[in-house]
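Structural overview
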Amino acid sequence: MKKYILDLRVVSNEHPRAGYALLKLTNPDGPMPEIAPGQFVQLAVSDSPSTMLRRPISVHHVDYDSNQLWLLIHMIGEGTNKLGNLRPGDTVNTIVPLGKGFSLASGSVAKPLLVGGGVGIAPLLYFGAKLKEQGVEPTFLLGARSKDDLMQLDEFEKVGRVFLTTEDGSVGEKGFVTQHSIWNQETFTSVHCCGPKPMMVAVAKVAKGKGVECEVSLENMMACGLGACLCCVEDTQQGNVCVCKEGPVFNINELKWLI
Amino acid sequence: MADLNVNIGGLSLKNPVMTASGTFGYGLEYADFVDLSQIGGIIVKGTTLEPRQGNPYPRMAETPHGMLNCVGLQNKGVDYFCEHIYPTIKDIDTNMIVNVSGSSPESYAECAAHVDALDKIPAIELNISCPNVKQGGMAFGVTAQGAAQVVKAVRKAYNKTLIVKLSPNVTDICEIARAVEAEGADSVSLINTLMGMSIDAERRRRTLSIGTGGLSGPAVKPVALRMVYQVARAVKIPVIGLGGISNATDALEFLLAGASAIQIGTMNFVDPAVTVKVAQGINEYLDRHGFKSVDDIVGIVD
Ligand SMILES: Cc1cc2nc3c(=O)[nH]c(=O)nc-3n(C[C@H](O)[C@H](O)[C@H](O)COP(=O)(O)OP(=O)(O)OC[C@H]3O[C@@H](n4cnc5c(N)ncnc54)[C@H](O)[C@@H]3O)c2cc1C
Ligand SMILES: Cc1cc2nc3c(=O)[nH]c(=O)nc-3n(C[C@H](O)[C@H](O)[C@H](O)COP(=O)(O)O)c2cc1C
Ligand code: FES
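Here's what I pulled together on the structure shown here.

Analysis parameters
Residues numbered from 1 in each chain as written. Chains lettered and ligands numbered in written order. Predicted model: local features only at pLDDT ≥ 70, side-chain atom pairs only at ≥ 80, totals over all residues. Heavy atoms only, no water. Helix = DSSP H or I, 4+ residues; strand = E, 2+ residues; numbered from the N terminus. Rg over C-alpha atoms; globule rule 2.2 N^0.38 Å. Buried < 20%, exposed > 50% of the residue type's maximum accessible area, 1.4 Å probe, protein only. Contact = heavy atoms within 4.5 Å. Areas by Shrake-Rupley, 256 points an atom, 1.4 Å probe, with all protein chains shown as cover. Lys, Arg positive; Asp, Glu negative; His and termini not counted. Charge placed at Lys NZ, Arg CZ, Asp CG, Glu CD. Axes fitted to C-alpha atoms, helices over the stretch in contact; angles between N-to-C directions. Parallel < 35°, antiparallel > 145°, perpendicular 65-115°, else oblique. Left-handed = near helix turned anticlockwise from the far one by under 90°. Nonpolar A, V, L, I, M, F, W, Y, C, P; charged D, E, K, R; others polar. Buried area = accessible area lost by both parts, 1.4 Å probe. Salt bridge = Lys/Arg side-chain N within 4 Å of Asp/Glu carboxyl O. Phe/Tyr/Trp six-rings, centres within 6.5 Å; stacked < 30°, edge-to-face > 60°. Lys NZ or Arg CZ within 6 Å of the ring centre and 35° of its normal. Core = buried A, V, L, I, M, F, W, Y, C linked by side-chain atoms within 4.5 Å. Domains from an automatic or database assignment. Pairing = 2+ DSSP bridges.

**Brief notes about the overall build of chain A**
Along the backbone of chain A there are six helices and 16 strands. Computed over C-alpha atoms, the radius of gyration of chain A comes to 18 Å, within 12% of the 18 Å expected from 2.2 N^0.38 for 259 residues, which places it in the range of a compact globule. Projected onto the principal axes, the alpha-carbon positions of chain A cover approximately 50 × 40 × 35 Å. Within chain A, the proportion of its 259 residues that are buried is 58%. Expressed as a percentage of contacts within chain A between residues at least 6 apart in sequence, the contacts between residues at least 24 apart total 61%. In the structure as shown, chain A presents an accessible area of about 10,700 Å², 49% of it carried by carbon and sulfur atoms. Where the 24 positive side-chain charges of chain A centre and where its 27 negative ones centre are 3 Å apart.

The structure is reproduced here in structure tokens:
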């Protein structure tokens, strides 16, 4: 897929909850490039000595009708805070799209489960929408600490069935995503997961136990994002490979995780 | 339009802007953003005789105006390069230069000999200065004797343009430059990264897997510029300057200090199209100040 460097313009930047930003961008110079679900972008953060390098952020959603690219950003440091505080009309220099995304399950028997936690829910919305476009109904299983930590639920509900877990039981089932009853009530043909690493490892274990194909999306620290610098490697069955180029999405069988 | 053509030890570049090893992949990674034929030369990833897995993750940390890396020369080895990568890059219309590393003078020479056989690789850059590998690498680059030993062995095995990349992590870089010149190097490039370190205070641990890493990016520019200035006056062979170059003004400073050509590394990560912008900027500067060629400004600052 061809990559572009674009000056995208901020349409809106809301904070769905404290510390998180839903950044909607548009391309004033043409249509939004073709992007596959699970791919990411590299955003330039304007002048600051500690944010010289771009920040990698997953594609949360693409709406080609309105020429919009959505990003969901957890503001944890200087770069993400600056991005989270951009104003409508501001410009963000963006490299798009990068990496290899999720495998699109297809066919009438496909029944994918999309599992997300924290800001890891980000890439699942666009992935779910693409599945739906292909006639496959996605099931979302989203986990959070508490009711107030969940975001974008209305958007997920537009795309597929949504199941929730919270650690305090304030909404959905109480516990972790791996403890949800849906795992035993239904049979899924594939699992696709993005979230904190311990969660992905736990989900990978469950999927493996059930003999279901499982993909996870990694967030290794990156410099170039293009497969040029070899900084972002993951130790895989093929040795060290670049997460930015061969990933960020990997089948768990390719990884060396202890699951 | 000024004449941007420069000559580096028999190697003709259409402009003085090259890309630094380890930061531009094999060029192809950037093909969507830049017309590769508009770059003076592309120095590909560090290549060794045997395949290397490099260091464990994490391999990078951002630092003020720069970054640390400890990639550790991950590459699939020179045989793989010749068989699988060379065919995909040989028709790129610029000088494709291989950065060669090793763990002994013999392994450097053998690796260089493999590359010598490739028609469309007009030069190699000998990396005697990588700070991220335990064996060899920088060990050779930090003494005049070690550097001379490697260059001597490679010179026998390699007939085309031989560039030797110097380490800044030394007491007297001019001494090393003179030693490699004496052994027949056609050019020296400098600087490689400066040894550094970063600590994650919150987690109370080293940020990089092996603790230390090489510092690059704008933060190192004044150090690099000083070294280029000194080395350009210590040797007769052409000097290639690099370290922290992010725009045409930076590049011009290196040329004025005595570099005949320059390389851009880390800033390719920030702006993948920086190389062609710098080449254009150099051209505009020459026109604006009435210089006819790049050579007219090389080393004119005393
Ligand atoms: C492929 C990919 C997709 C991503 N998608 C998203 C996304 O959709 N939304 C989102 O909010 N974040 C995402 N991230 C993580 C995001 O890139 C980092 O949080 C961001 O770069 C931190 O920058 P900063 O300047 O705010 O923080 P810094 O000041 O650089 O760092 C603050 C803290 O965050 C840690 N950190 C820095 N980079 C990362 C990283 N890559 N992964 C984990 N921890 C890191 C640092 O170690 C430090 O402790 C993604 C990362 C990758 C590699
Ligand atoms: C991620 C990374 C990998 C590098 N790999 C190599 C390498 O394989 N061989 C080499 O000679 N130099 C390597 N370098 C050093 C650069 O080529 C260059 O000398 C240095 O980064 C200074 O230039 P800059 O400040 O423009 O980046 C690497 C630098 C970086 C940042
Ligand atoms: S970030 Fe440079 S290779 Fe992945």
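That was the structure; now back to the text.
**A closer look at the packing of helix H2 (residues 105-116) of chain B against helix H4 (residues 144-157) of chain B**
Residues and elements named next belong to chain B. Following both chains from N to C, one finds H2 and H4 inclined at 30°, their axes separated by 8 Å at the closest point. With respect to H4, the axis of H2 lies roughly parallel. H2 and H4 meet at a crossing whose hand is right-handed. In this structure, H2 contributes Pro105, Tyr108, Ala109, Ala112, Ala113 and Asp116 to the contact, and H4 contributes Gln149, Val150, Ala153, Val154 and Ala157. Tallied by class, the residues present in the contact of H2 with H4 amount to nine nonpolar, one polar and one charged.

**Observations regarding the interface of chain A and chain B**
Residue-level contacts link 28 residues of chain A with 31 residues of chain B. Summing both partners gives a buried area of about 2,500 Å² for chain A against chain B, and 61% of it is carried by carbon and sulfur. Our count for the contact surface shared by chain A and chain B stands at one salt bridge. Where Glu62(B) meets Arg55(A), a salt bridge forms, and the shortest distance between an N and an O atom there is 2.9 Å. Those elements that place two or more of their residues in the side of chain A that touches chain B are strand E1 (4-17) and strand E15 (239-242) of chain A. In terms of residue class, the side of chain A that touches chain B is made up of 18 nonpolar, six polar and four charged.

**Examining the packing of aromatic side chains**
Per the stated rule, a full pass over the model turns up five aromatic pairs over all chains. Ring geometry for Phe140(A) versus Phe156(A): centroids 4.8 Å apart, planes at 75°, classification edge-to-face. Of this pair, Phe140(A) sits in strand E9 (residues 139-144) while Phe156(A) sits in helix H3 (residues 153-159), and the two are 16 residues apart along the sequence. Exposure remark for Phe140(A): the relative accessible area of 0% places this residue in the buried category. A centroid spacing of 4.0 Å and a plane angle of 10° characterise the contact between Phe24(B) and Tyr30(B), whose relative ring orientation is stacked. A relative accessible area of 0% means that Phe24(B) is categorised as buried. Residue class for Tyr30(B) comes out buried when judged on its relative accessible area of 0%. The lysine or arginine in question, Lys24(A), covers the ring of Trp70(A), its NZ or CZ lying 3.9 Å from the ring centre.

**Quick notes on the nonpolar core**
Core analysis: the largest hydrophobic core is formed by 141 residues, its most contacted members being Phe81(B) and Leu126(B). Considering every element that reaches this core, the biggest residue donor is helix H9 (residues 274-288) of chain B, with seven residues. When residues are assigned to domains, this core turns out to be shared by domain 1 (4-98) and domain 2 (112-217) of chain A, each giving three or more. Once you skip the residues sitting within four places of it in the chain, Phe81(B) turns out to touch Tyr26(B), Val44(B), Thr47(B), Tyr86(B), Pro87(B), Ile89(B), Val98(B), Leu118(B) and Ile121(B). If you look at the next biggest cluster of nonpolar residues, it comprises 26 residues, including Trp70(A), Leu125(A), Phe140(A) and Phe156(A).

**Describing the side chain of Glu186(A)**
The topology assignment puts Glu186(A) in the loop between helix H4 (182-185) and strand E12 (190-194). The contacts of Glu186(A), once residues within four sequence positions are left out, are Lys111(A) and Arg161(A).

**Quick look at the pattern of salt bridges**
Tallied over the entire structure, the rule returns 17 salt bridges over all chains. Glu253(B) is paired through a salt bridge with Lys221(B); the nearest N and O atoms lie 2.8 Å apart. Residue Glu253(B) is found in helix H7 (residues 248-257), and its partner Lys221(B) is found in helix H6 (residues 221-234); the two are separated by 32 residues along the sequence. Each of Lys111(A), Arg161(A) and Glu186(A) takes part in a single network of salt bridges with overlapping partners.

**A short note on the sheet that holds strand E5 (residues 60-63) of chain B**
All names here are of chain B. The strand order across the open sheet built from four strands is E5-E6-E14-E11, with neighbouring strands paired in antiparallel fashion. What marks the edges here is a single partner per strand, and that holds for E5 and strand E11 (194-197). Pairs of neighbouring strands in the sheet enclose a mean axial angle of 40°, with direction left out of account.

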